[in-house]
Amino acid sequence: MEWDALLLSRLQFAFTIGWHIIFPSFTIGLASFLAVLEGLWLFTKKPIYKNLYLFWVKIFAISFGMGVVSGVVMSYQFGTNWSVFSEHVGSVIGPLLAYEVLTAFFLEASFLGIMLFGWKRVGPGLHFFSTCMVAIGTLISAFWILAANSWMQTPQGFAFAEDGTMVATNFAEVIFNPSMPSRLAHMVLAAFLTTAMVVAGASAFALLSKKALAESRVALRMAVLMMALVTPVQIMVGHESGVVAGEHQPAKVAALEGWWTTRTQQPTVLIGWPDEEAERNHFELSMPGLGSAVNNAGPDDVLPGLDSFAPEDRPPVWIVFWAFRVMVAMGVAMLALGVWGAGAWALKRLDTSRWYHRALVLAAPSGFVAVLAGWITAEVGRQPFVVYGVMRTADAVSPVSAASVATSLLFFIVTYAIVFSAGALYILRLMGKGPDTDEAPPTSDQPPGSPIAAGVKEA
Amino acid sequence: MVFGAELSMIWAVLIAVAVFLYVALDGFDLGVGILFPFAKDTRERDQMQSAIAPVWDGNETWLVLGGGGLFAAFPKAYAALMPALYLPIYLMLLALIFRGVAFEFRHHGRGAGKKWWTFAFSAGSIVAAVAQGLVLGGFIQGVSIGADGQFAGGALDWLTPFSLLVAASLVAGYALLGACWMVFKTRGELYERARNWVKQLAVLTALAMGAVSLATLGVDPRVTARWGLTMTSVDWPVFAKLAPLPLIAGAVCFALWRRWKGEPLIAPYLLAVGLFAVGYIGLAVSLFPYIVPFAMTPADAAAADNALEFMLWGAAPMLPLILAYTAYVYWTFRAKVDDDAAYH
């Protein structure tokens with residue numbers, strides 16, 4: 001491995017987008033959660049919802065701020081580090097990113113001002129409208145960025161101009177490329193689940209430390225509902241996304257499944273240690289034939305293994321293989337916690353099961369881990385191409401010096417370490433404090449209509 | 001291709017407008033950060049920050065539109081300029097990170113933490129302004145481009161006395177915008193202090209703009225010719241047409257220096273924006289028709305016609321809408337900030 005501008009630029013992109021993606025995946029879900037809370041407050045007039053809104057909006061402000069600044073970086077990186085890529089695909093995906101700015105960024109940024117600072121300046125209706133605009137803005141943003149990214153995964157609707165650059169032949173085909181619908185759904189649901197896990201963890205922590213009991217019980221129920229209902233849907237959508245990848249990016253699927261040989265009846269490899277030299281998995285634990293079935297293939301269908309691709313056309317197998325397993329493990333954990341929570345709810349033990357609360361606190365970051373692992377699976381799985389099958393990453397890099405990239409990378413590491421640990425500290429501090437309540441605990445800790453008498457006596 | 005050339009010119013104007021709006025709007029945010037060290041105490045700094053907190057994020061989005069728009073509409077210019085200005089652009093981005101998070105973090109920090117974020121806000125603003133000046137200077141003096149249209153120079157090509165001069169001038173100009181915004185948004189002692197800042201910074205900015213204007217004439221003979229000037233002679237008919245620009249700039253600086261009295265208090269800020277507009281037009285006149293100075297015109301650098309057209313369908317309805325709700329947000333927060341300016 002040579003520490004040239006290419007490798008350093010790849011590291012830098014992975015590092016900066018890896019940090020960046022954490023924030024939108026949290027704020028997309030949190031913005032919708034806030035809109036629901038404020039709507040419920042306006043509709044029911046119950047102060048619990050207002051208290052929850054005012055608590056989570058503070059955490060939103062910190063996360064959104066970090067998402068904005070790390071996102072501004074992304075919008076310049078295409079040019080600074082990947083100028084050949086920019087020149088060649090600018091006419092195709094540039095407009096998608098321009099639409100993101102025009103339709104989403106300004107909407108979010110403008111109404112964020114009212115959302116955060118307008119509580120006493122505008123009426124409740126208009127404040128709610130602003131919250132909704134911010135939430136819608138985050139979703140529109142996800143639409144465009146996933147359209148652009150999915151086009152890089154499954155490009156279509158373009159042709160080459162005389163000078164070798166790409167031009168769109170049909171923008172509808174570019175936007176609605178084959179992997180876009182399932183990848184967008186997968187990402188948005190991931191964002192909702194990420195938020196649900198954080199809300200559940202923070203609420204469970206508050207219940208464990210006996211703070212803001214009424215608010216925490218309501219928030220816990222909302223989070224458990226989200227987990228229990230959305231995780232199964234997410235697993236199906238993820239499966240669909242995998243099937244689309246199988247059709248369009250077989251090398252990626254072979255790598256994430258750990259299939260080295262092309263054959264019928266591919267296995268499901270549960271665990272193993274992929275070895276690119278030996279072209280096999282060490283310590284493999286697998287279930288024969290199940291892999292083909294999971295990928296919607298019949299018993300006689302031949303599915304390509306990595307041996308169908310020249311070594312220089314294969315993604316780094318180890319990373320993709322393991323990132324995929326981490327993502328799936330997180331999904332299974334969320335499913336289990338959703339089922340456990342739904343069961344506890346049905347048995348009226350949701351507020352008292354301390355083991356469940358502890359598990360939720362432990363699982364609070366699971367959404368982030370899943371999103372990062374999923375992103376690594378998708379992006380590293382696309383390698384060695386930047387535009388799958390069309391343009392190699394190695395051909396996309398800017399003519400800049402390795403020293404320049406190394407310098408900027410070093411500064412990014414230092415800056416992000418300072419900024420994001422401070423942000424995490426402030427968020428955790430807020431979470432530790434819990435929501436401000438109008439009621440004086442612990443005497444009036446009974447949420448309306450909730451059968452928690454047993455729990456209160458116990459406590 | 002006539003239509004294509006017109007399309008690319010429309011987009012060149014749109015991006016130029018986006019960049020100008022960024023400078024006029026985030027310029028006062030950065031200016032407030034630049035003036036932070038001169039505030040009397042924490043309470044004043046809180047007031048200064050409250051005067052920009054609800055709008056800074058929207059202001060900064062114009063920078064994203066400028067960068068994203070350049071990528072989308074002029075990928076060849078974007079691909080040539082960004083690697084050439086690699087280090088100052090990253091310097092700007094890193095500084096904007098500190099500046100941006102400090103808006104939130106200052107409220108949450110305790111003791112040393114708050115002090116650090118106060119410093120980070122100010123230093124981030126100053127460094128971002130310097131870096132933008134270096135980018136602008138590096139842009140004006142042009143970049144070396146190879147036969148493949150890609151950057152072909154060295155990592156430090158942008159670092160010249162000229163770009164350093166532009167950077168220093170931009171810091172002064174942003175500080176002027178920030179001071180004028182303070183006149184508009186604050187009261188009491190801070191308001192009086194801001195009045196004095198405007199007076200001093202008007203002089204400083206006038207000197208800086210004059211120096212940059214003269215230095216720009218020396219960047220390339222084509223610029224001097226555009227203004228009808230050579231080392232030894234003046235082509236009066238050509239120069240006369242452009243002479244109003246420096247004259248207006250001088251008059252605006254004088255008005256700001258005289259201490260603009262009376263109402264409305266937004267007047268100093270609008271005058272300062274006018275000053276930037278004059279400088280901006282002067283620059284556009286000097287560099288026209290290049291989008292990468294002396295190397296690429298908008299038509300050379302443009303994306304495919306259908307991409308420009310597709311984006312125009314979005315920009316035509318969206319830009320007026322964006323301006324409308326941006327104006328509404330400013331209207332919502334039109335009042336002067338109070339001493340106890342409430343957060344959230």
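Residues numbered from 1 in each chain as written. Chains lettered and ligands numbered in written order. Predicted model: local features only at pLDDT ≥ 70, side-chain atom pairs only at ≥ 80, totals over all residues. Heavy atoms only, no water.

Undergrad: Give a detailed account of the overall build of chain A, specifying residues and quantitative values.
TA: What chain A contains, in helices and strands, is 14 helices and 6 strands. For a compact globule of 459 residues, the expected C-alpha radius of gyration is about 23 Å, and chain A comes in at 24 Å, within 12% of that figure. Overall size of chain A, expressed as C-alpha extent along the three principal axes, is 70 × 50 × 40 Å. Expressed as a percentage of the 459 residues in chain A, the buried residues total 59%. Of the contacts formed within chain A by residues at least 6 apart in sequence, a portion of 78% connects residues at least 24 apart. Of the roughly 17900 Å² of accessible surface on chain A, 69% is carried by carbon and sulfur atoms. (Helix = DSSP H or I, 4+ residues; strand = E, 2+ residues; numbered from the N terminus. Rg over C-alpha atoms; globule rule 2.2 N^0.38 Å. Buried < 20%, exposed > 50% of the residue type's maximum accessible area, 1.4 Å probe, protein only. Contact = heavy atoms within 4.5 Å. Areas by Shrake-Rupley, 256 points an atom, 1.4 Å probe, with all protein chains shown as cover.)

Undergrad: Describe in detail helix α6 (residues 112–140) of chain B, supporting the description with residues and values.
TA: Relative to the 42 Å expected for 29 residues at 1.5 Å per residue, α6 of chain B spans 41 Å between its end C-alpha atoms, a close match to the ideal helical length. Immediately beyond the C-terminal end of α6 of chain B, within one or two residues, lies G142 of chain B, with a positive phi of roughly 90 degrees. (Expected span 1.5 Å × (residues − 1).)

Undergrad: I'd like a description of unusual backbone geometry, backed by residues and values.
TA: Here the bond from Q383 of chain A into P384 of chain A is cis, since omega is 5 degrees, no more than 30 degrees from zero. The linkage connecting F288 of chain B with the following residue, P289 of chain B, adopts the cis geometry, with an omega of 5 degrees. Summarising the element assignment, P289 of chain B is placed in the loop between α12 (267–287) and α13 (298–301). Phi at K45 of chain A takes a positive value of approximately 60 degrees, unusual for a residue other than glycine. Along the chain, K45 of chain A turns up in the loop between α1 (5–44) and α2 (47–81). Positive phi values are uncommon outside glycine, yet Q265 of chain A reaches one of about 50 degrees. Mapped onto the fold, Q265 of chain A is located in the loop between α8 (250–257) and β3 (268–275).

Undergrad: Explain the confidence of the model for chain A to me, using residue names and the numbers behind them.
TA: For chain A, per-residue confidence averages 90 on the pLDDT scale, and residues scoring 70 or more make up 95% of the total. In this model residues 439–459 of chain A is a low-confidence stretch, pLDDT under 50, and it forms 23 contacts with partners more than four residues away in sequence or in other chains. (pLDDT = per-residue confidence, 0-100.)

Undergrad: Can you explain the pairing of β3 of chain A? Please cite residues and give values.
TA: Residues and elements named next belong to chain A. With 6 bridges joining them, β3 and strand β4 (residues 280–287) adopt antiparallel strand pairing. Each residue of the ladder has a partner; that of P274, found in β4, is N281. Between β3 and β4, which follow one another and run antiparallel, lie 4 residues, and E279 among them has a positive phi close to 55 degrees. (Pairing = 2+ DSSP bridges.)

Undergrad: Lay out the packing of helix α6 (residues 180–208) of chain A against helix α11 (residues 354–363) of chain A in plain terms, naming residues and giving numbers.
TA: The packing of two helices is summarised by the inter-axis angle and the distance between the axes. All names here are of chain A. Between α6 and α11, the shortest axis-to-axis distance is 8 Å and the interhelical angle comes to 135 degrees. Relative to α11, the element α6 is oriented oblique. Regarding α6 and α11, the two cross each other, and that crossing is left-handed. In contact with M197, A200, G201, A204, F205, L207 and L208 of α6, α11 contributes R354, H357, R358, L360, V361 and A363. When its residues are assigned to classes, the contact of α6 with α11 shows 9 nonpolar, 2 polar and 2 charged. (Axes fitted to C-alpha atoms, helices over the stretch in contact; angles between N-to-C directions. Parallel < 35°, antiparallel > 145°, perpendicular 65-115°, else oblique. Left-handed = near helix turned anticlockwise from the far one by under 90°. Nonpolar A, V, L, I, M, F, W, Y, C, P; charged D, E, K, R; others polar.)

Undergrad: Please provide a residue-by-residue account of the pattern of salt bridges, values included.
TA: Residues and elements named next belong to chain B. For the structure shown, the criterion picks out 14 salt bridges over all chains. Notably, a salt bridge pairs E189 with R193, separated by 3.4 Å at the nearest N-O pair. Of this pair, E189 and R193 both sit in helix α8 (residues 188–217), 4 residues apart, which is roughly one turn of that helix. For E189, a relative accessible area of 44% puts it in the partly exposed group. A relative accessible area of 23% means that R193 is categorised as partly exposed. The structure contains a network of salt bridges with shared partners spanning K40, E44, E189 and R193. (Salt bridge = Lys/Arg side-chain N within 4 Å of Asp/Glu carboxyl O.)

Undergrad: Quick rundown of the interface of chain B and chain A? Include the residues and the values.
TA: Taken together, the contact pairs 65 residues of chain B with 73 residues of chain A. Counting each side, the surface lost to burial between chain B and chain A is near 6300 Å², with a carbon and sulfur contribution of 75%. Counting the contacts that link chain B with chain A gives 1 salt bridge. Two residues, K76 of chain B and D163 of chain A, come together in a salt bridge whose shortest N-O distance is 3.3 Å. (Buried area = accessible area lost by both parts, 1.4 Å probe.)

Undergrad: Which residues make up the confidence of the model for chain B, and what are the values?
TA: Residue and element names in this part refer to chain B. Per-residue pLDDT for chain B averages 90, and the proportion of residues at 70 or more is 95%. Below pLDDT 50 for its whole length, residues 340–344 participates in 12 contacts with residues either more than four positions away or in separate chains. Here the complex is predicted with pTM 0.92, and the ipTM for its interfaces comes to 0.93.

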